[in-house]
Amino acid sequence: MNKLILLLPKPILKNYVLAHFSELTVEDFFEIADKVKFSKYYFEKNDKLNSSSDVLSYMLDIDPYSYDWFDKNAFSAECIDKLAALDVVIPADIDKYPILLTNDKILESVIKAEPNIVKKLSENQITDKVISILENSAYIPDYNDIIKSPLFLNSEKLLKRAIEKTPELILKIEKLSDTLVSTALKKGFIPEKNHFYTIPQFKNYDELLKTAFANDPSVIVFFSGDKLSTSVIQDARERGFIATEEDLMENPSLCNIDCIMEDAIRNNPKLIVFLSKNVSISENLIIETLKKYEITKEDLENHPSLATTCLMNYLPEFKLYSSTLTDEEKKATLISYLKKDQTSIPKDLPFFNYKFGGKFDTKKLPELLNYLTLSLNQNDINVQQSYLQMLDKVIDGIVDIRYKKNKPSFLYPDLVSLNDALIELFKNVSITNDFELISKFADELSSFVEKTIDKEEIKKEIENFYAAYVNNQSVNFHISSEFYNKILNQHKNMFMSIEKQKILKEIENKMKLTPKKMNVILNGRKLQKMRVLIANNEFEQLGVTKEQFNFEIKNIKNIILNNKDIKKSGSQITMEQLDYLVDNFVKNGALDENTVIELLGIKNSEVIKYIVNKFEQIKIKLANNVMLSNEESFISTLDRSKLGGVNCSNYLIFDNDRYIDNLSELLLKLDDDTLDKILSNKHLLKEITCLLPLIDLIEELDVQTFINILSTYDRIRDKIFQNLDIRENVDYKDLILKNIDNLIQLGNAYNSVDSIHLIALGQEVVSKIGEENSSRYLEFYLKMLNKQKGFIPPISIYDQEQNYFLESGIYSDPERLLIGKIIKEGSCVDLFGGVSGTKTYEDVLLENSGDVILIRDKDKKLISRIFIFRRGNVVQLVASIYKKHSIDLYKKIADQIIQQSISNNDNIDYVFVNTASIQSRNENFVEIDDSRFVTKFPHADLNSAAILLSSKNKVSGNNGIELNLKFDEIPKVSYMKPRKKILLQPTESDIMRIKALNIVMENDLVEKERMSRDFEPIYIESYEKVICGEDWYIAIKKDGSYEQVVLQSKDPRTYEEIEQVKGLLNLSDDNSKSL
Amino acid sequence: MKSIGVVNLYNGKYGTILTKENEIVDFEFKDISFGQKINIGDIVEFRIDQKFPDIKLARNINPISSDEIYK
């Protein structure tokens, strides 16, 4: 601007400037700004000024609202901050100046004033503060708001408003809450079935499910657990619900409902593949459905649980998939394949598949078979002889093992014991002067060596030693040890010889006779049989007619008559004489030499033999026609004992069938872990594979032992060979055979379970379950220890009639683990009893609604068991079908249970025994038929009928038979388990068991290892007193201090007992040591 | 009962320990308490688990320093 204009008086200058406002520059403006006051309205006319941030900044100081006349380009950050600081109220039509909203303060003030402005904001502009402002306003977000910014989803308040206005918005909300759901429903939202698929969270809301179900019964597919009640199911079905394939896949628990499955299968037979083992549908429906739909292998592969259902009874072609396939059947299948080709078993054998209970990856099978295959010809005599030698070495090795095992129990196991006995004898003799004692001792030693050393010889030796003893008051061990060794060695030889004979006797009965020997024996029997057949004229059984037989006789007569050698010998034989011979032959079925001599009067022995043989040949010729029955063909132990022993002529030492049998059994016992261990030794296996045909002939070398050897063979081999001087070109196989005893013992030792685990279970239990399974049983036992209460009152009965002790409720008794083994080995109610049986095992031992009564004889030996199950107000007793009991015994049990129910105000109203468990029916007891006696209880070979033993009504005098069985009623009372009696004179195994359990139950791994390392046996005689409770013991030392071990227990009575005992014995905590 | 010995054979999978009493005791890797790395010559404490008259196994094996032997 011209400087002269600036000198004009203010009013003139103002007029000038205002007239020329549009021409002003920013420079001009600031030159005159302090002289002339400009109204904000003018800035609209000048683009230079209204786009200048400097000018805007200046004007804001004068009039904050002047911003409205400026261009958006004028709004620098500084101007915006200034505007914000001035608390200017920005109007809602902020469109013109969106940049202002980049300032949080302005933004917040705009939104406070006009919340709807939020619709114009970008996602980034919507902040937590904005959300907070909106929450405090009346703003109702809509769908677009929600999808624009995730922050809306964090505001339950805003979401609730949105849903109140538009309930369907619930479908767009990721994070639901009870409030939002109930708001939507109140506002009329009706969920549909497909919503539950697209928004899985919906399934978590009962209200949504109920509302949806009310409109559409097929929503039942999303119900589970308690929601899937009988009334709900009935309601759904009444409104036409039939499950589809998608429904069953979505909710597998529908597959456990009888009526649902029946409807589904009737509607679509293909759905039979969803059948579960818990479902019971009619046989007719199954048969009808299978006519309409053919189950394929793929169906079983895709629905492996089908293999556990009753459907398998109708699918014999898929037998190999069935979970009820026994080990014998599996073995038979394997044998049939291996007999065709030893190197190959189909990899897809179902029972090897994990899905159908298999235990290892079948891809590894061909490799394993490759190393276990033996291609030997059992008809080759060299093979037989080589195996006979091998067998001999195996027997020797095993006899060695037996000797070592039994040695500690021998009367004189070693030199020291013999020497001690001798010294004791001499002391007694010198005191009593009774020399008869020496004679008796000599007799004893002679018996010790099975009289193979004469008593007098022994007596003489002892007398010599006694003489030396009298002089020196001692026995020279160096001299006497020669005598001792003689005795001990002879004893050893006798022991081993006897054991070897025992083993050979056992083997004899297990081995197959050679075909040749078999023929000889059977032919001999046929000839014997033919004597009778001929004598009885039973020509049909001889395979000929009477005429044919007579023709044979006639032939023989002619041959004899015309024989030149007989004529030359001078023996005169007439036809009449031959007829006499024939008569005799036919009468007796045979002809002997004496009869020939008598009837023919000849003495030429060759002629006599010739004639006898000729008649015998008739029988031999007809022998093939004669059949022997099974009984007649049976080769008994006695027959075998007459054959002359185990040798290649009598028996198949290498028997291909036995080898395949053993191989099959071995394969069935393998699991992944063991298979991997075996394959890690594959390059060495050929050294011992040769033993496979000899497995299971002798107890010590059974299949499990062989598996133990295979899986640790590298370690065993190294151990055996480390002490041997191995030369080059040595035959390792031969070396191993010479060390069979080590092979077996090391195999078992290296696969053995830690002794602490065995002690924790107790020797009795381990001997029945097998050491190899003991770890799994121990794990299960620890779960049993957690059970403190049950819904079944414990009973305790002494049955005088049979001298039985019956007891239930002692949950910590390790003998309970044997409920599957006591009566019948291989019972399915066991830890490894198969799916159903294992479930029953768990129900009985772990669940509150199950228990078992253990029955012991007068020697406290466990002999039987009775399961008890409670369902609602019903208790059912179930014994094994192999060991049933009398109704009287069951009645005693039932009465005790009902008495306890009454005295505890429990709701057990009825006690039944299943009819499968009774020896015989008794008309004094009512029998009830109700399928729930099967369906409501676990698998235990139950009938649908049960006998009512005792009821509350009867006990209270009401003899009416009206029953009100409520299997689903909730039990009112749970009963604490009874405590085992405190033992004032426990055995060492009682104490050791607690000590071992204490280690096993320790949770701190470092501490557990330390305790294990320090684990020592307890010798009771080294303590003053030991007292043992159910889960604790106190061992008082002779110096007054004491050790205490208490298992982790949830039972307060444990500590009460301990304190009581300590109080009685005056034991203070200062003297204690907890282990 | 706790014993002490020296590892005299070990191939990473199994081995033997020579005890203070000059007995040979067998062990395998899984018998080492926490799978620690041990070498031939290491001193270890362990428990003897007797399995047959003449087979002894070492369990709960823990390597120790020579100072700890004298504690």
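Below: a short report on this structure. (Residues numbered from 1 in each chain as written. Chains lettered and ligands numbered in written order. Predicted model: local features only at pLDDT ≥ 70, side-chain atom pairs only at ≥ 80, totals over all residues. Heavy atoms only, no water.)

**A few points about the overall build of chain A**
(1) Moving on: When you go through chain A residue by residue, the secondary structure sums to 50 helices and 14 strands.
(2) Moving on: The C-alpha radius of gyration computed for chain A amounts to 49 Å, which surpasses the reference 31 Å derived for 1075 residues by more than 25%, pointing to a less compact arrangement than a globule.
(3) Moving on: Based on the C-alpha atoms only, the size of chain A along its principal axes is roughly 185 × 95 × 90 Å.
(4) Moving on: Across the 1075 residues that make up chain A, the buried fraction comes to 48%.
(5) Moving on: Surface accessibility of chain A: about 53700 Å² in total, with carbon and sulfur atoms responsible for 48%.
(6) Moving on: For chain A, the centre of its 139 positive side-chain charges and the centre of its 165 negative side-chain charges are spaced 3 Å apart. (Helix = DSSP H or I, 4+ residues; strand = E, 2+ residues; numbered from the N terminus. Rg over C-alpha atoms; globule rule 2.2 N^0.38 Å. Buried < 20%, exposed > 50% of the residue type's maximum accessible area, 1.4 Å probe, protein only. Areas by Shrake-Rupley, 256 points an atom, 1.4 Å probe, with all protein chains shown as cover. Lys, Arg positive; Asp, Glu negative; His and termini not counted. Charge placed at Lys NZ, Arg CZ, Asp CG, Glu CD.)

**Structural notes on the pairing of strand β1 (residues 2–10) of chain B**
All names here are of chain B.
(1) Moving on: Bridge count for β1 against strand β4 (residues 43–52) is 5 bridges, and the pairing is antiparallel. Paired with glycine 5 across the two strands is valine 44, which belongs to β4.
(2) Moving on: In this antiparallel pair of consecutive strands, β1 and strand β2 (residues 14–19), the connection spans 3 residues, and glycine 12 shows a positive phi of 95°. (Pairing = 2+ DSSP bridges.)

**Observations concerning a positive patch on the surface**
Residues and elements named next belong to chain A.
(1) Moving on: A cluster of like positive charges, contributed by Lys10, Lys14, Lys35 and Lys37, occupies part of the molecular surface.
(2) Moving on: Checked against the element boundaries, lysine 35 lands in the loop between α3 (26–32) and α4 (47–50).
(3) Moving on: Relative accessible area serves as the criterion here: at 35%, lysine 35 is assigned to the partly exposed category. (Patch = residues over 30% accessible without salt bridge, like charges linked within 9 Å, V, L, I, M, F, W, Y side chains within 5 Å. Salt bridge = Lys/Arg side-chain N within 4 Å of Asp/Glu carboxyl O.)

**Re the sheet that holds strand β6 (residues 874–879) of chain A**
Residues and elements named next belong to chain A.
(1) Moving on: With mixed pairing, 8 strands are arranged side by side in an open sheet as β2-β3-β4-β5-β6-β7-β9-β8. The open sheet has two edge strands, β2 (796–799) and β8 (927–929), and neither has a second partner. The mean angle between the axes of side-by-side strands here comes to 25°, regardless of whether they run parallel or antiparallel.
(2) Moving on: As paired strands, strand β7 (residues 910–914) and strand β9 (residues 945–951) are joined by 5 bridges and run antiparallel to one another. Bridged to valine 911 within β9 is serine 950.
(3) Moving on: Set on the sheet, helix α45 (residues 887–903) makes contact with β2, β3 (804–807), β4 (850–856), β5 (862–871), β6, β7 and β9; between it and β9 the angle comes to about 50°. (Axes fitted to C-alpha atoms, helices over the stretch in contact; angles between N-to-C directions. Contact = heavy atoms within 4.5 Å.)

**Things to note about the state of the cysteines**
Residues and elements named next belong to chain A.
(1) Moving on: Applying the stated criterion to the full structure yields 0 disulfides over all chains.
(2) Moving on: With no disulfide of its own, cysteine 255 lies closest to cysteine 259 among cysteine sulfurs, the gap being 13 Å.
(3) Moving on: On the basis of relative accessible area, cysteine 255 is assigned to the buried category, the value being 6%. (Disulfide = S-S within 2.5 Å.)

**A few points about the pairing of strand β3 (residues 24–28) of chain B**
All names here are of chain B.
(1) Moving on: In terms of burial, β3 is largely enclosed, as 4 of its 5 residues are buried.
(2) Moving on: Where β2 lies against β3, 5 bridges are found, and the strand directions are antiparallel. Bridge pairing in β3 links leucine 18 to isoleucine 24.

**Quick word on the packing of helix α24 (residues 455–472) of chain A against helix α25 (residues 477–510) of chain A**
Residues and elements named next belong to chain A.
(1) Moving on: Direction vectors running N to C along α24 and α25 enclose 160°, while the axes themselves pass 11 Å from each other. It follows from the interaxial angle that α24 and α25 lie roughly antiparallel. Note that α24 runs across α25; the crossing there is left-handed. On α25, the residues touching Glu457, Ile458, Glu461, Ile462 and Phe465 of α24 are Ile479, Ser480, Phe483, Lys486 and Ile487.
(2) Moving on: Of the residues in the contact of α24 with α25, the class split is 6 nonpolar, 1 polar and 3 charged. (Parallel < 35°, antiparallel > 145°, perpendicular 65-115°, else oblique. Left-handed = near helix turned anticlockwise from the far one by under 90°. Nonpolar A, V, L, I, M, F, W, Y, C, P; charged D, E, K, R; others polar.)

**Quick word on a nonpolar patch on the surface**
(1) Moving on: A cluster of nonpolar side chains, contributed by Leu1005 and Val1006 of chain A together with Phe34 of chain B, occupies part of the molecular surface with about 310 Å² of accessible area.
(2) Moving on: Tracing the backbone through its elements, the reader meets phenylalanine 34 of chain B in the loop between β3 and β4.

**Digging into the interface of chain B and chain A**
(1) Moving on: Facing the 25 residues of chain B at the interface are 28 residues of chain A.
(2) Moving on: Interface area for chain B against chain A, summed over the two sides, is near 2200 Å², with a carbon-plus-sulfur share of 48%.
(3) Moving on: The tally of links between chain B and chain A comes to 7 salt bridges.
(4) Moving on: Linking chain B to chain A there are 18 residue pairs in polar contact (both at pLDDT 80 or more). (Buried area = accessible area lost by both parts, 1.4 Å probe. Polar contact = N/O pair within 3.5 Å; in protein donor to acceptor, adjacent residues only side chain to side chain.)

**As for unusual backbone geometry**
All names here are of chain A.
(1) Moving on: Of note, the phi angle at aspartate 696 is positive, near 70°, even though the residue is not glycine.
(2) Moving on: Here aspartate 696 shows up in the loop between α36 (672–680) and α37 (703–711).
(3) Moving on: We note that lysine 860 has phi near 65°; this positive angle belongs to a residue other than glycine.
(4) Moving on: Along the chain, lysine 860 turns up in the loop between β4 and β5.

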